[in-house]
Amino acid sequence: MAEGLTWNVYDANTMTQADIYGEVLCRLGEKYDRIVGLSADLAKSTKIGKFAEKYPNRFFNAGVAEQNMFGMAAGLALSGLMPVVSTMAVFTTMRAGEQVRTDICYQNLDVKIIATHGGISFGQAGTTHQCTEDIAIMRSMANMTVIVPADGIECANAVIACIEHPGPVYIRIGRGFEPTCYEDDRYGFQIGKAVEINPGTDLTLICCGITVLQAREAARILEKTDGLSVRVINMHTLKPLDTETVVKAIDETRRIITFEDHNIYGGLGSAVSEAIAESGKACAFTRVGLPDCYSLVGYPEDLYNYYKLDADGIVEKVREVMGKDFEEDESWEDGF
Amino acid sequence: MPLSEQEISVFRQQAKQLRLDILDVTFWAGGAHIGGALSIVEILVLLYYKYLSIDPKNPEKEDRDRFILSKGHSGVGLAALLARKGFFDFELLKDFNKFNSPFGMHLDKNKVPGLDASTGSLGHGLPIAVGLALGARLQGKQWKTYCLLGDGECNEGSIWEAAMAASHYKLTNLITIVDRNKYSVDGNTEDVMALEPFADKWRSFGFIVKEVNGHNWMEVSQAIEEALSETKAPVLILAHTIKGKGVDFMEDDVRWHYGGLDSDMLAKAKQYVANSVDE
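All values reported here derive from a predicted model rather than from experimental measurement.

Asker: Help me understand helix H12 (residues 268–279) of chain A in this model?
Answerer: The periodicity of an α-helix, 3.6 residues per turn, causes residues three or four places apart in sequence to face the same way. Residue and element names in this part refer to chain A. For H12, spanning twelve residues, the distance from its first C-alpha to its last is 16 Å, which sits close to the expected 16 Å at 1.5 Å a residue. In this fold, the buried residues of H12 make contact with helix H8 (134–139), strand E8 (203–207), strand E10 (237–239), helix H11 (243–253), strand E11 (255–263) and strand E12 (284–290). With its phi angle positive at about 75 degrees, Gly280 sits one or two positions after the end of H12.

Below, the structure is given as structure tokens:
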């Protein structure tokens, strides 16, 4: 246990995405000597500190100065290196948002950003340290790839994949509390390609991040208690979005609900609704996330329950959507 | 080594040409940040004709020196200079600011050969330069990073974040120059947001400060030489300049921060530059 950390923090961090990310980055550092690490006085919290301990000469602490840090990352990339930058999602996307946009994305530089404490995963800290806007912001930056891994294993896959993926990449992870969704990493992770983690024909749940595991659990409950066949899609890459998988879900299940730890505006729900609208196909659709509010304070598991982002909430929402009788009134033959 | 009379004479000609070019491009473009482009002419000429190791035939040459124009709005001057250095055809600048031109008033690295970074938003250049200097050191490269800042942009907090980092990491392979022309968009810097005691601020951040007349070849050159041989701390060259330098009706007049020229004005300005004798 690192000196100065409380028992709570230590407990939350024993098997986090960030821990796994730190380990993976250390291993990648051996193979890729172009990788340099950067953080803004959050090397320990974001776990990039593991890389710093192993490669002290290839790590730069910018101090509490995120704007300079992302500018430095741009400069390091321009010098031929591959910076991997970690700070909290809120400071990445808003405090240094312009540097990420203008210095990194505009110049299309090989900078990998692994932002931690995304969504309401740091619920106890209050709104200043929660981040329910980052996906909306990052999606609108040209050249940026946006990934939200479902668990630590997927985080490892995403970090490995982003090193081989040219240009800027934003990987959004939580603070902790993400139980393992995948049993191992051999499930075919590919940037831009969604993963169906549960088959189904009545309704599709499209999720990213912490909601993926919860949706799978909800699908299990719904099958058992309601006899429903619920498809669960892990849309780990928000940009570029796997629209093919969305269209397939419209055709084959005709009902779609998105679940995300983000404001309902601009994130996964928005991305999927854009794909639905552009497909020209009819579909029952609802998005669940933070309903355009700043989250209450609390432990994440309590907050996910309150905002209906856990399995119970998902079950409730699915029943609500299934209860709608639009199917009897409307023709699904829309002529397309 | 001090500049020879012959060198100075050549630089004078090049500075005169650059001023004429800035006037022409501003005229073609319909408007540009002309005042701040004219104030950095001697600095640009010295860097590009004496100090920067670059190859116009190979703009991305790995071991080239890097130059970051943090005051990116002066792109009109840099673009003209890069053209004269042979990075691209000067005639292309006739489309400056026009539809689908590679050249907008804030230059884009991915469109302009010879540019080391896209700049324009103020306060961004020095952090990028810090990253470049760190990257060079980490990779054992001998090339230098030069960064030219505007004084007004030193209101940005990110400049001081970067100054802290340059000092913390003892970046002696970074040469930072401030164009102290004393005006930002809204007026005199000391009225808008005071910078003084400016040199002391840089000193307190760990820089060795060299104050020079930014239009004096010997003074600027000597400061750059000293910065290049410095081994203990990063150097800041505080170059006192005149905004609009070289054109009588533009000098020290904040209205020429950004401006356009009609053909009469262009002719008058060019005549003034052509007849001028500088230091």
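There is more to say, and it comes next.
Asker: Is there a simple way to explain the nonpolar core in this structure?
Answerer: Note that soluble globular proteins tend to have their nonpolar side chains buried in a common cluster. Grouped together as the largest cluster of nonpolar side chains are 86 residues, with contacts concentrated most on A:Met144, A:Val246, A:Ile256, B:Leu126, B:Val130, B:Leu174 and B:Trp202. Apart from the residues lying within four places of it in its own chain, the contact partners of A:Val246 are A:Ile206, A:Met235, A:Leu241, A:Ile256, A:Val272, A:Ala275 and A:Ile276. Ranked by size, the runner-up nonpolar core spans 63 residues in total, among them A:Ala43, A:Ala150, A:Ile197 and A:Val230.

Asker: Help me understand empty space enclosed by the protein in this model?
Answerer: Scanning all chains against the criterion turns up three cavities of 30 Å³ or more. Considering only enclosed or pocket space, the largest cavity measures out at about 100 Å³ in volume. Taken together, 16 residues form the lining of the largest cavity, with A:Arg172, A:Ile173, A:Gly174, A:Gly209 and A:Ile210 sitting closest to its centre. Taken together, the residues of the lining of the largest cavity break down into seven nonpolar, six polar and three charged. Roughly 60 Å³ of volume is contained in the second largest cavity. Lining the second largest cavity are B:Tyr48, B:Leu52, B:Ile54, B:Pro59, B:Arg64, B:Asp65, B:Arg66, B:Phe67, B:Phe87, B:Gly114 and B:Asp116. The residue makeup of the lining of the second largest cavity, split by class, is six nonpolar, one polar and four charged.

Asker: Hey, could you run me through the packing of aromatic side chains in this one?
Answerer: Describing an aromatic ring pair means giving the distance of the ring centres and the angle of the ring planes. In this structure the tally under the stated criterion is 14 aromatic pairs over all chains. Relative to A:Tyr55, the ring of A:Phe51 has its centre 4.8 Å away and its plane inclined at 45 degrees; by these criteria the two rings are tilted. Owing to a relative accessible area of 11%, A:Tyr55 belongs among the buried residues under this scheme. Centre to centre, the rings of A:Phe60 and B:Tyr169 are 5.5 Å apart; their planes meet at 90 degrees, and the pair counts as edge-to-face. Of the two residues, A:Phe60 is situated in strand E2 (residues 59–61) and B:Tyr169 in the loop between helix H6 (157–168) and strand E3 (174–180); the pairing between them involves two chains. Classification of B:Tyr169 by relative accessible area gives buried; the value is 16%. The ring of B:Tyr51 carries B:Lys50 above its face, with NZ or CZ at 5.7 Å from the centroid.

Asker: Which parts of the structure should I look at to understand the interface of chain B and chain A?
Answerer: Interface size is often expressed as the accessible area that is lost when the parts come together. The interface is formed by 27 residues belonging to chain B together with 25 residues belonging to chain A. Carbon and sulfur atoms supply 58% of the area that chain B and chain A bury against each other, a total of about 2,000 Å² over both sides. In terms of surface lost to chain A, no three residues of chain B exceed B:His124, B:Leu138 and B:Glu161, which account for 27% of the buried area on that side. Where chain B packs against chain A, one counts zero salt bridges. At the level of secondary structure, the elements contributing two or more residues to the side of chain B that touches chain A comprise helix H5 (125–138) and H6 of chain B. For the side of chain B that touches chain A, the leading source of residues is H5(B), giving nine residues. Classifying every residue of the side of chain B that touches chain A gives 13 nonpolar, nine polar and five charged.

Asker: Quick question: what am I supposed to make of the confidence of the model for chain B here?
Answerer: If pLDDT is low for a region, its predicted coordinates should not be looked at in detail. In the predicted model, chain B carries a mean pLDDT of 97, and 99% of its residues have values of at least 70. Confidence metrics for the complex model read pTM 0.93 and ipTM 0.94.

Asker: Sorry, what's going on with the pairing of strand E3 (residues 82–86) of chain A here?
Answerer: On a regular strand, one side chain projects to one face of the sheet and the next to the other, so that they alternate. Residue and element names in this part refer to chain A. Most of E3 is tucked away, with five of its five residues classed as buried. Residues of E3 alternate between two faces, with Met82, Val84 and Ser86 on one and Pro83 and Val85 on the opposite face, all of them buried. Relative to E3, strand E1 (residues 35–39) runs parallel, the two sharing five bridges. Bridge assignment links Ile35 to a residue of E3, and that residue is Met82. The pairing of E3 with strand E4 (residues 112–115) spans two bridges and is classified as parallel. Bridge pairing in E4 links Val85 to Ile113.

Asker: Looking at this structure, I do not really get the pattern of salt bridges. What am I missing?
Answerer: Side chains that differ in charge, positive against negative, can pair when their charged atoms come close. The tally for this structure, following the rule as stated, stands at 35 salt bridges over all chains. In this structure, B:Lys111 engages B:Asp108 in a salt bridge whose closest nitrogen and oxygen atoms are separated by 3.9 Å. A residue is classified by how much of its surface remains accessible, and B:Asp108, at 8% relative accessible area, is buried. What you see here is one network of salt bridges that share partners, running through A:Glu196, A:Arg231, A:Lys248 and A:Glu252.

Asker: Just checking my understanding: could you explain the sheet that holds strand E6 (residues 169–172) of chain A for this structure?
Answerer: Pairing between the strands of a sheet comes from backbone hydrogen bonds, and it takes one of two forms, parallel or antiparallel. Residue and element names in this part refer to chain A. Read across the open sheet, the seven strands follow the order E2-E1-E3-E4-E6-E5-E10; overall the sheet is mixed. Every interior strand has two partners, whereas the edge strands, E2 and E10, have only one. Within this sheet the neighbouring strands show an average axis-to-axis angle of 20 degrees, counted without direction. Pairing of strand E5 (residues 145–147) with E10 involves two bridges; the strand directions are antiparallel. Of the residues in E10, the one forming a bridge with Ile147 is Thr237. Against the sheet, helix H9 (residues 152–164) touches E1, E3, E4, E5 and E6, its axis set at about 175 degrees to E6.

Asker: I tried to follow the pairing of strand E2 (residues 145–150) of chain B on my own but got confused; where do I start?
Answerer: Residue and element names in this part refer to chain B. Most of E2 sits inside the fold, with six of its six residues counted as buried. Here E2 shows two buried faces, one formed by Thr145, Cys147 and Leu149 and the other by Tyr146, Leu148 and Gly150. Here strand E1 (residues 66–69) pairs with E2 via four bridges, running parallel. Note on E2: the bridge partner recorded for Arg66 is Thr145. The handedness of the E2 to E3 crossover, carried by H6, is right-handed.

The rules behind each value
Residues numbered from 1 in each chain as written. Chains lettered and ligands numbered in written order. Predicted model: local features only at pLDDT ≥ 70, side-chain atom pairs only at ≥ 80, totals over all residues. Heavy atoms only, no water. Helix = DSSP H or I, 4+ residues; strand = E, 2+ residues; numbered from the N terminus. Expected span 1.5 Å × (residues − 1). Contact = heavy atoms within 4.5 Å. Core = buried A, V, L, I, M, F, W, Y, C linked by side-chain atoms within 4.5 Å. Buried < 20%, exposed > 50% of the residue type's maximum accessible area, 1.4 Å probe, protein only. 1 Å grid on protein atoms, 1.4 Å probe; cavity = no way out; pocket = protein on both sides within 12 Å on 5 of 7 lines; lining within 4 Å. Points joined across faces, edges and corners; volume = space filled by probe spheres on them. Nonpolar A, V, L, I, M, F, W, Y, C, P; charged D, E, K, R; others polar. Phe/Tyr/Trp six-rings, centres within 6.5 Å; stacked < 30°, edge-to-face > 60°. Lys NZ or Arg CZ within 6 Å of the ring centre and 35° of its normal. Buried area = accessible area lost by both parts, 1.4 Å probe. Salt bridge = Lys/Arg side-chain N within 4 Å of Asp/Glu carboxyl O. pLDDT = per-residue confidence, 0-100. Pairing = 2+ DSSP bridges. Axes fitted to C-alpha atoms, helices over the stretch in contact; angles between N-to-C directions. Right-handed = clockwise from strand over helix to strand, strands pointing away.

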